[in-house]
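Coordinate inspection notes
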Amino acid sequence: MANIEPEQHDRELQNMEHPISKFKKWWQAALNDSPLKQKSAVCVSTIDQDGFPSGRFVDLKTVDEEGFTFCSYLDSEKGVHISANPKVALTLWWDHVGYQVRVKGVAEPISEEEAISHWRTRSREAQLTTLCSRQSQELKSSEALHEQLAEAETRYQGTEVPKPANWGGFRIRPDSIEFLTFSDDRLHKRELYDREDAGTWRMKLLQP
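Since the structure is predicted, the reported quantities are computational estimates derived from the model, not experimental observations.

Let's talk about the packing of aromatic side chains
A full pass over the atoms with the stated rule returns 9 aromatic pairs. With centroids separated by 6.0 Å and ring planes inclined at 50 degrees, the aromatic side chains of F23 and W94 adopt a geometry described as tilted. Of this pair, F23 sits in helix α2 (residues 19-31) while W94 sits in strand β4 (residues 87-94); the two residues are 71 residues apart in sequence, bridging distant segments of the chain. Among the residues examined, F23 registers a relative accessible area of 0% and is labelled buried. Of the residues examined, W94 reaches a relative accessible area of 2% and is grouped as buried. A centroid spacing of 3.7 Å and a plane angle of 10 degrees characterise the contact between W26 and Y99, whose relative ring orientation is stacked. Within this pair, whereas W26 is found in helix α2, its partner Y99 is found in strand β5 (residues 99-109), the two being separated by 73 residues in sequence. Accessibility classification places W26 together with Y99 in one group, the buried group.

Examining the nonpolar core
Within the largest apolar cluster, 29 residues are counted, with the highest numbers of intra-cluster contacts made by F23, F68, L90, W94, V101 and I177. Contributions of two or more residues to this core are made by α2, β1 (41-47), β2 (53-64), β3 (67-73), β4, β5, β6 (167-181) and β8 (201-206). With 5 residues, the single largest contributor to this core is α2. For F23, the contacting residues outside a window of four places in its chain are L60, V63, F68, L92, W94, V101 and F179. Membership of the second largest hydrophobic core comes to 10 residues, among which are C71, W119, L128 and C132.

Focus on the pattern of salt bridges
Enumeration according to the criterion identifies 15 salt bridges in this entry. When the shortest N-O distance is used, the salt bridge between R102 and E178 registers 3.1 Å. Here E178 lies in strand β6 and R102 lies in strand β5, a separation of 76 residues in the sequence. For E108, the salt bridge is made with R173, and the minimal N-O distance between the two is 2.6 Å. Linking E108 in strand β5 with R173 in strand β6, this pair joins segments that are 65 residues apart in sequence. Judged by relative accessible area, which is 30%, R173 ranks as partly exposed. The network of salt bridges with common partners includes E17, K22, K25, K189 and E191.

Some points on helix α4 (residues 112-120)
When α4 is considered as a whole, its buried residues turn out to be A115, H118 and W119. For α4, the arc enclosing every buried residue in end-on projection is 105 degrees, short of the 170-degree limit, so these residues lie on one face. Among the exposed residues of α4, those pointing more than 90 degrees away from its buried face are E113 and R120. Contacts from the buried residues of α4 go to β2, β3, α5 (124-132) and β6.

Quick word on the pairing of β1
Relative to β2, β1 runs antiparallel, the two sharing 7 bridges. By the bridge assignment for β2, V44 is matched with R56. Adjacent in sequence and paired antiparallel, β1 and β2 are bridged by 5 residues, among which G51 carries a positive phi angle near 85 degrees. Here β1 runs beside β4; their pairing, made up of 3 bridges, is antiparallel. Opposite C43, over in β4, you have T91 as the bridge partner.

The rules we used
Residues numbered from 1 in each chain as written. Predicted model: local features only at pLDDT ≥ 70, side-chain atom pairs only at ≥ 80, totals over all residues. Heavy atoms only, no water. Phe/Tyr/Trp six-rings, centres within 6.5 Å; stacked < 30°, edge-to-face > 60°. Helix = DSSP H or I, 4+ residues; strand = E, 2+ residues; numbered from the N terminus. Buried < 20%, exposed > 50% of the residue type's maximum accessible area, 1.4 Å probe, protein only. Core = buried A, V, L, I, M, F, W, Y, C linked by side-chain atoms within 4.5 Å. Contact = heavy atoms within 4.5 Å. Salt bridge = Lys/Arg side-chain N within 4 Å of Asp/Glu carboxyl O. Arc of directions from axis to C-beta. Pairing = 2+ DSSP bridges.

Here it is as structure tokens:
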């Protein structure tokens, strides 16, 4: 296995980007000419009541200095998990550009104002589906779900679809962010950023 020369290692540390800025660049690169239908899908992993990890894909809404934001039912399985244990992980794999990102941090609810803003960006179809569904609850039959949707369509025909009180979002405030650049020879480049107590970031390279 080839080793990174000390001079190269020092140079990479000196040229360290802010991890949020780096993430935004990678995200934009992944969005450009993306072959993916769900271009901003990311895996959020939570811890259930028995201590097992539980992962599912959500739509990443925004990323800024405060963290990574996604929306969900607040009383869904993931919402219940986060209420009990806010430590979560976020995983992204963009095969078409060879990028993987892993985030660990603490999730917290976004404000009602932010939730309403994100709700208004959703299509009417998505709003109606969200309104009539009871995410993660037992479903008696597929027909029952279609009946719930038809009822919602009738009830809100010609009017704005209101945001359900139990629908909002979470912001993951990252404690660590790892960037992996895939290499066909398996000598992947791994850069781990850890947040220090003062809010600054420290970067180190990891073996592939």
